[in-house]
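Structural characterization, general
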Amino acid sequence: MPDIILTYAEAADVIQRHAKTLLTRKPTAEQAPLLASLRRVLAEPILADRDQPPFPRSTRDGFACRANDLSTAKPLRIIGQLKAGDVWKGVPLASGQAIEIMTGAPVPAGADCVVMIEHVKVRDDVLFIDPGRTLEPGENIVPSGAEARSGSIIAPAGTRLAASHIAAAAACGYATVIVYSRPRVAILATGDELVPVDHTPLTHQIRNSNSYSLAAQITLAGAQPVILPVAPDDETEIESAIGSASGCDLLLLSGGVSMGKYDFVEQALLALGAEFIFTGAKIQPGRPVVFGKLPQQYFFGLPGNPVSTMVTFLLFAQPLIAALGGEASGGPRFALARLAHDYRTKPGLTRFLPAHIDFTIDSPQATIIPWQGSGDLASTATANGFVVIPSNVDSLAAGDSVSILLT
Ligand code: AMP
Ligand code: MG
């Protein structure tokens, strides 16, 4: 089997291309109660059921009046009051008149602005506008339909629903929404040294943490994890374990993809008719990552080192899962920060180093966490992001701008 080793950019591009193709096939859809749809993906758009706002809405507590009247500096006569939930039933407001109005109330016909309560004085039913205070027609009013027209798309199909979408859907009367079914993602950890989490390992054994990190990441990615029993480092056993994942939309294997004598995952996949799309990426951690397609589904062979597993999931598996779930623009997500300290490394690989990011409003700061390499879960557990070191960079200075891979 030929090695297909890509740069990070090439591998990311390959994933995006496959994700795009997946997006042309729509997953099955189901109805979900509005709140249960948080973080799920819309299968049908949310449409405005009426103009928003449905009436010219006052954005201030104050007095509805005519802008033209304010230029004369003459006091106005207050002819009534409107609170949110009221509607003006009298004749349209005329020149020289004002109606007291609260935020959210419909501006009465005849008025074209709202002067703020802070800018007036009231004596009995006479309104004195502060000297020199003038308004443009339309000030402090949102015209009906200015936010959205009846029937317009508030959120298109393919949107992963955030709190703001839930609010907008509620405003449009959606007690339920139509979302795509969550993809089912199988997790197959391999390794003779692995014991279940509730076992006491012998000195030379380790607990299977990757099935847990992957299940957690799959859940955060909006999919359903299906944890398969751990497979030993045996080609035939791995083959039959892979077969048991055939009902899933994607298969994630962990371990057994390096060059070691007992790394049998690629042979097992090959025997089952896998097409290999790439067999490594010039990244650290995660160099031996494998991506390909079995007759029944896509698969990733993720390196077993726990931090490699998590990083390669974020970089490659998560965007594919997003597409399998119908999400139009999945991850990975990057942001910029300033490096808090100098940094030196060897060029050649794109590095994703566990870091603590201080997400301040003006200048987020990133501190790379000292670690023992890609097996160091304890250090990585103190990180809240990964600093990206481009493959052609060998040194960075404190204050330099760096990309952050967000978790
Ligand atoms: P491998 O990719 O199989 O060569 O494994 C690389 C390293 O990751 C070894 O130290 C393994 O013990 C460790 N490892 C492999 N699978 C897991 C797992 N499921 N949970 C935790 N560590 C693992
Ligand atoms: Mg192994």
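Residues numbered from 1 in each chain as written. Chains lettered and ligands numbered in written order. Predicted model: local features only at pLDDT ≥ 70, side-chain atom pairs only at ≥ 80, totals over all residues. Heavy atoms only, no water.

**Re the overall build of the protein**
Convention followed: Working definition: helices are DSSP H or I runs of at least four residues, strands are E runs of at least two. Numbering for both runs from the N terminus. Just to be clear, the radius of gyration here is over C-alpha atoms, and the globule rule we use is 2.2 Å times residues to the power 0.38. Each residue gets one of three labels from its accessible area relative to the maximum for its type: buried under 20%, exposed over 50%, partly exposed in between, using a 1.4 Å probe on protein chains only.
For the protein, the count of helices and strands is eight helices and 30 strands. For 407 residues, the compact-globule formula gives about 22 Å, and the C-alpha radius of gyration of the protein, at 30 Å, lies well above that figure. By its C-alpha atoms, the protein is 95 × 50 × 40 Å across when sized along the principal axes. Here the protein holds 407 residues, and the buried ones make up 46% of them.

**Some thoughts on the site of ligand 1**
Rules: A cutoff of 4 Å decides nearness: a residue is near a molecule or strand if any of its heavy atoms lies inside that distance of it. As used in this structure description, the phrase polar contact means that two N or O atoms lie within 3.5 Å; if the pair is within protein, one of them must be able to donate a hydrogen and the other to accept it, and residues adjacent in sequence are counted only when both atoms belong to side chains. Classification used: nonpolar for Ala, Val, Leu, Ile, Met, Phe, Trp, Tyr, Cys and Pro, charged for Asp, Glu, Lys and Arg, polar for all others including Gly.
Not every one of the 17 residues close to ligand 1 is listed here, only the nearest: Glu193, Asn208, Gly256, Gly304 and Asn305. In this structure, Glu193 approaches ligand 1 through a side-chain N or O atom, which is 2.5 Å from an oxygen atom. Within the side chain of Asn208, one N or O atom sits 2.9 Å away from a nitrogen atom of ligand 1. Considered class by class, the residues forming the shell around ligand 1 number four nonpolar, ten polar and three charged.

**Overview of the side chain of Ser37**
Just so we agree on the cut-off: For this analysis, residues touch if any pair of their heavy atoms sits within 4.5 Å.
Position of Ser37 among the secondary structure elements: in the loop between strand E2 (29-33) and strand E3 (46-47). When sequence neighbours within four positions are dropped, the list of residues in contact with Ser37 reads Ala32, Leu161, Ile166, Val177 and Val179.

**Quick word on the pairing of strand E27 (residues 365-368)**
What counts here: Two strands qualify as a pair provided that DSSP identifies no fewer than 2 bridges between them.
Here E27 shows a buried face lined by Ala366 and Ile368 and an unburied face lined by Gln365 and Thr367. In this sheet, E27 lies alongside strand E24 (residues 334-339) in parallel orientation, the contact comprising two bridges. Of the residues in E27, the one forming a bridge with Arg338 is Gln365. In the sheet, strand E26 (residues 350-358) pairs with E27 via four bridges, with the strands oriented antiparallel. Bridge assignment links Asp358 to a residue of E27, and that residue is Gln365. Adjacent in sequence and paired antiparallel, E26 and E27 are bridged by six residues.

**A look at the sheet that holds strand E5 (residues 62-65)**
Counted only if it meets this: A fitted line through C-alpha atoms represents every axis, and for helices the fit uses only the stretch in contact; the resulting angles, taken between N-to-C directions, go from 0 to 180 degrees.
If you walk across this open sheet you meet the six strands as E8-E5-E7-E6-E10-E9, and the pairing is mixed. In this open sheet, the two strands that pair with only one neighbour each are strand E8 (113-116) and strand E9 (120-123). Averaged over all neighbouring strand pairs, the angle between strand axes comes to 40 degrees, with direction disregarded. When strand E6 (residues 76-82) meets strand E7 (residues 97-101), the two strands line up parallel, connected through four bridges. By the bridge assignment for E7, Arg77 is matched with Gln97.

**Overview of the packing of helix H1 (residues 8-23) against helix H7 (residues 306-324)**
Going by this rule: Orientation is classified from the angle alone, with under 35 degrees giving roughly parallel, over 145 giving roughly antiparallel, 65 to 115 giving roughly perpendicular, and any other angle giving oblique. Note on convention: the crossing is left-handed when the near helix lies turned anticlockwise from the far helix by less than a right angle, right-handed when the turn is clockwise.
It is at 8 Å that the axes of H1 and H7 come closest, and there the two elements cross at 10 degrees. In terms of axis orientation, H1 runs roughly parallel to H7. When the axes of H1 and H7 are compared, the crossing they make is right-handed. Counting all contacts with H1, which are made through Tyr8, Ala11, Ala12, Ile15, Gln16, His18, Ala19, Leu22 and Leu23, the residues of H7 involved are Leu315, Phe316, Pro319, Leu320, Ala323 and Leu324. Its residues placed into classes, the contact of H1 with H7 shows 13 nonpolar, two polar and no charged.

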